[in-house]
Amino acid sequence: ASAFQMLDDLKDVLLAPAASGKTAGRDGPLNRPNLALAEGADPALRRVVRLLRLGDATLERLAGAHADWRFLEDWRGRLAEELQRCARAAASVAA
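Residues numbered from 1 in each chain as written. Predicted model: local features only at pLDDT ≥ 70, side-chain atom pairs only at ≥ 80, totals over all residues. Heavy atoms only, no water.

### Quick notes on the pattern of salt bridges
Inference 1: In total, this model carries eight salt bridges according to the counting rule given.
Inference 2: Across the salt bridge formed by Arg32 and Asp27, the nearest N and O atoms sit 3.7 Å from each other.
Inference 3: Its relative accessible area of 5% is what places Asp27 among the buried residues.
Inference 4: Residue Glu73 is joined to Arg70 by a salt bridge in which the shortest nitrogen-to-oxygen separation is 2.7 Å.
Inference 5: Bridged by salt links that share partners, the residues Asp8, Asp12 and Lys22 form one connected network. (Salt bridge = Lys/Arg side-chain N within 4 Å of Asp/Glu carboxyl O. Buried < 20%, exposed > 50% of the residue type's maximum accessible area, 1.4 Å probe, protein only.)

Below, the structure is given as structure tokens:
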């Protein structure tokens, strides 16, 4: 699964609809695959962080070689924001 899909899974489990921008809590009742439901929020968060680090290394090489790839840096920034929202939500659930 992609980091984007994993973040979507985490948002489904952790965030309210107003915070996630989507109808949350639907994957389980609809029997949809969801990494956060299968592994738990913390392991899913760790997996996303690992994938984003791998992606960062690739993005650094691509953007360094060809300026045309720099548009991905904005996308990466959006993923970082989503990750932070999910991590805060997971921390509040654990507390």
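On we go.
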